[in-house]
Amino acid sequence: MSTFHLKIIAYDKIFYDEEAASVVLPAIDGEVQILTNHEECVVALKTGEVRIGTPKGEMIPAVCGSGFAEVTSDNQVEILVDTIERPEEIDIRRAKEAKERAEERLLQHKSRMEYYRNTTSLARAMARLKEANNYVEIHRIPDALHGYFALGIRFLHVQESFEIMNRFLNKS
């Protein structure tokens, strides 16, 4: 499988700096997928989901803030974003609180600057909640139930995990 070098940099960390088979980015005009030997370009990014395809065939999901991606002719892709995090790093409670705060502030009809700031905050909170609700980390399950789910499964869809827990608990 052909690969390219992908480097994703946020203001506080280097998120990814390895070879990749593909990356799907949330561009301002829709999703953009970058593969090996992609044409040179610069892409403006908005808050949304990033999906990194590794050379081993794994998919690494993440949520990013706004930024830019640069694709060069020598199979290098560099992405600069203000924030980026994996679903398991997202604090759902904090994201819900941020969403509620942004919605409240939008109703206050302040200046245009405040409006744009609040819509950006709302978009980020909603993207984080969407991604966090798609995946649940096994380690978040209470220790008493953790052993029942240590089947080598890294992530489960939230609905599936609750159904499995309910079926198991009803059998006991």
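What comes next concerns the included structure. Being a predicted model, the structure only gives us computed values, none of them experimental.

**Considerations on the overall build of the protein**
Counting its secondary structure elements, the protein contains 4 helices and 12 strands. Taking all 172 residues of the protein together, the buried fraction comes to 37%. Put simply, of all contacts in the protein between residues at least 6 apart along the chain, 50% involve residues at least 24 apart. Only carbon and sulfur atoms are counted for the fraction: they give 51% of the accessible area of the protein, which is about 10,700 Å².

**A word on the side chain of Thr36**
As for its position among the elements, Thr36 is in the loop between β4 (30–35) and β5 (41–45). Within polar-contact distance, the side chain of Thr36 engages the backbone nitrogen of Thr3 at 3.4 Å. Beyond its immediate chain neighbours, meaning those up to four positions away, Thr36 contacts Ser2, Thr3, Phe4, Ala21 and Asn75.

**Focus: the nonpolar core**
In a soluble, globular protein the nonpolar side chains are often hidden away together inside. Core analysis: the biggest nonpolar cluster contains 25 residues, and Leu6, Ile8, Val23, Ile52, Ile79 and Ile84 have the highest contact counts within it. Ignoring any residue separated from it by four or fewer positions in sequence, one finds Ile84 in contact with Ile8, Ala10, Lys13, Phe15, Val50, Ala62, Val63 and Cys64.

**Examining empty space enclosed by the protein**
With the rule as written, the count across this model stands at 1 cavity of 30 Å³ or more. If you add up the space inside the largest cavity, you get close to 30 Å³. Every residue along the wall of the largest cavity is listed here: Phe4, Leu35, Thr36, Asn37, His38, Val71, Thr72, Asn75, Gln76 and Val77. Put simply, the parts of the chain that give the lining of the largest cavity at least two residues each are β8 (67–72) and β9 (76–81). Here the lining of the largest cavity is composed, by residue class, of 4 nonpolar, 6 polar and no charged.

**With respect to the layout of surface pockets**
Taken as a whole, the largest pocket holds about 170 Å³ of empty space. In this structure, the largest pocket is lined by Arg94, Ala98, Arg101, Ala102, Arg105, Asn118, Ser121, Arg124, Ala125 and Arg128. Contributing elements (two or more residues each) for the lining of the largest pocket: α1 (92–107) and α2 (112–134). Residue classes in the lining of the largest pocket are distributed as 3 nonpolar, 2 polar and 5 charged.

**Overview of α1**
Look at α1: 23 Å from first C-alpha to last across 16 residues, which is about the 22 Å you get at 1.5 Å a residue. Looking at α1, one finds that the buried residues are Ala95, Ala98 and Ala102. One side of α1 holds all its buried residues, which, seen down the axis, span an arc of 60 degrees. What points out from α1, more than 90 degrees from its buried face, is the exposed set Arg93, Glu104 and Leu107. At the exit of α1 stands His109, carrying a positive phi of roughly 50 degrees.

**Notes on the environment of Glu97**
Within the secondary structure layout, Glu97 lies in helix α1. In the structure, Glu97 is positioned 28 residues away from Ala125 in sequence and 8.6 Å away in space, judged by C-alpha atoms.

Cut-offs applied
Residues numbered from 1 in each chain as written. Predicted model: local features only at pLDDT ≥ 70, side-chain atom pairs only at ≥ 80, totals over all residues. Heavy atoms only, no water. Helix = DSSP H or I, 4+ residues; strand = E, 2+ residues; numbered from the N terminus. Buried < 20%, exposed > 50% of the residue type's maximum accessible area, 1.4 Å probe, protein only. Contact = heavy atoms within 4.5 Å. Areas by Shrake-Rupley, 256 points an atom, 1.4 Å probe, with all protein chains shown as cover. Polar contact = N/O pair within 3.5 Å; in protein donor to acceptor, adjacent residues only side chain to side chain. Core = buried A, V, L, I, M, F, W, Y, C linked by side-chain atoms within 4.5 Å. 1 Å grid on protein atoms, 1.4 Å probe; cavity = no way out; pocket = protein on both sides within 12 Å on 5 of 7 lines; lining within 4 Å. Points joined across faces, edges and corners; volume = space filled by probe spheres on them. Nonpolar A, V, L, I, M, F, W, Y, C, P; charged D, E, K, R; others polar. Expected span 1.5 Å × (residues − 1). Arc of directions from axis to C-beta.

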